[in-house]
Each structure stands twice: as structure tokens, then as C-alpha cells.
Amino acid sequence: MNSFLALGDDTRREIILLVAKNGEMTSTAISHHFSISAPAISQHLQLLKELKLLNVKKEAQKRIYSVNLDGFSEMEELIMKVRADWSKRLNRLERYALKLKKGKTI
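A few points on the structure. Since the model is a prediction, treat every value here as computed from it, not as a measurement.

**So, the environment of Asp-70**
Topologically, Asp-70 is positioned in the loop between strand E3 (62–67) and helix H5 (73–101). Distance from Asp-70 to Leu-48, taken between C-alpha atoms, is 13 Å for residues 22 residues apart in sequence.

**Thoughts on the pattern of salt bridges**
The final tally for this structure, using the stated rule, is three salt bridges. Lys-57 is the salt-bridge partner of Glu-24, the closest N and O atoms lying 3.1 Å from each other. Of this pair, Glu-24 sits in strand E1 (residues 24–26) while Lys-57 is found in strand E2 (residues 54–59), placing the two residues 33 residues apart along the sequence. Judged by its relative accessible area of 36%, Lys-57 falls in the partly exposed class.

**Observations concerning a positive patch on the surface**
A contiguous patch of positive charge on the surface is contributed by Lys-88, Arg-92, Arg-95 and Lys-99. Mapped onto the elements, Arg-92 comes out in helix H5. The class for Arg-92 is partly exposed, based on a relative accessible area of 47%.

**Quick look at the packing of aromatic side chains**
Within this structure, the stated rule accounts for zero aromatic pairs. In this arrangement the basic side chain of Arg-89 is found over the ring face of Trp-86, its NZ or CZ atom lying 5.1 Å from the centre.

**Details of unusual backbone geometry**
A positive phi angle, near 65°, is found at Lys-52, a position not held by glycine. Using a relative accessible area of 54% as the deciding quantity, one classes Lys-52 as exposed. Backbone geometry at Ala-60 places phi at a positive 55°, although glycine is not the residue there. Tracing the sequence through the fold places Ala-60 in the loop between E2 and E3.

**Description of a nonpolar patch on the surface**
The grouping of Phe-4, Leu-78, Ile-79, Val-82, Trp-86, Leu-90, Leu-93, Tyr-96 and Leu-100 at the surface amounts to a nonpolar patch, some 880 Å² of accessible area in total. No other element matches the eight residues that H5 contributes to the nonpolar patch.

Each value, and the rule that gives it
Residues numbered from 1 in each chain as written. Predicted model: local features only at pLDDT ≥ 70, side-chain atom pairs only at ≥ 80, totals over all residues. Heavy atoms only, no water. Helix = DSSP H or I, 4+ residues; strand = E, 2+ residues; numbered from the N terminus. Salt bridge = Lys/Arg side-chain N within 4 Å of Asp/Glu carboxyl O. Buried < 20%, exposed > 50% of the residue type's maximum accessible area, 1.4 Å probe, protein only. Patch = residues over 30% accessible without salt bridge, like charges linked within 9 Å, V, L, I, M, F, W, Y side chains within 5 Å. Areas by Shrake-Rupley, 256 points an atom, 1.4 Å probe, with all protein chains shown as cover. Lys, Arg positive; Asp, Glu negative; His and termini not counted. Charge placed at Lys NZ, Arg CZ, Asp CG, Glu CD. Phe/Tyr/Trp six-rings, centres within 6.5 Å; stacked < 30°, edge-to-face > 60°. Lys NZ or Arg CZ within 6 Å of the ring centre and 35° of its normal.

Below, the structure written as C-alpha cells:
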């Protein structure tokens, strides 16, 4: 599964936002924010960890999660490429519209 597909799930997206807001959270604290079972949350956390979107560190029996910003770099690169392409297209459209407005033939 890729990162975009993983974040297409509402629960996983909410987990990322929750952990990002709080900095670090235990799996137990994360699960208290959801109405689904703790094992279901653990499965979501495992997938997010495997995709390197979350870091996890162990302290005794606790698992403490934090957002791994490096894991988002691939998505960020794709978004920036799409943004740059659309920016170029919109700039060309704006120039074309201005020429039309000035009565220039194209």
C-alpha cells in the first residue's frame, strides 16, 4: 500500500493529525480518541509505521508514536509537481485572457 492510499482512510488520516497536534502519543492515548477497538487502532498504527509515516519508540510496555516528516516527502514532491504544472497552466490561461480582453487576435 502506498502512503496516499493509506491516508485515504479517515481513521488513519485522523491518527496522523492527532499525533501531529500532540507531538507524541502512546497507542493507548490514541485509541481513546476513537470509537473502534484498540486492536483495530493497532492495525492502523502498524500500517502507518510500515509506511514510515509514524515513528515508534518503546518504553517498557508502552509504544510512543510521533509523526515522521521524512515519510511525507514522496507525497510532498508529487504535490509540488502538480502545483507547479497547474500554476504554469493558469498563468498561460491568464495571459490568453488578457490578450483577449485587449482585443488582440491570437
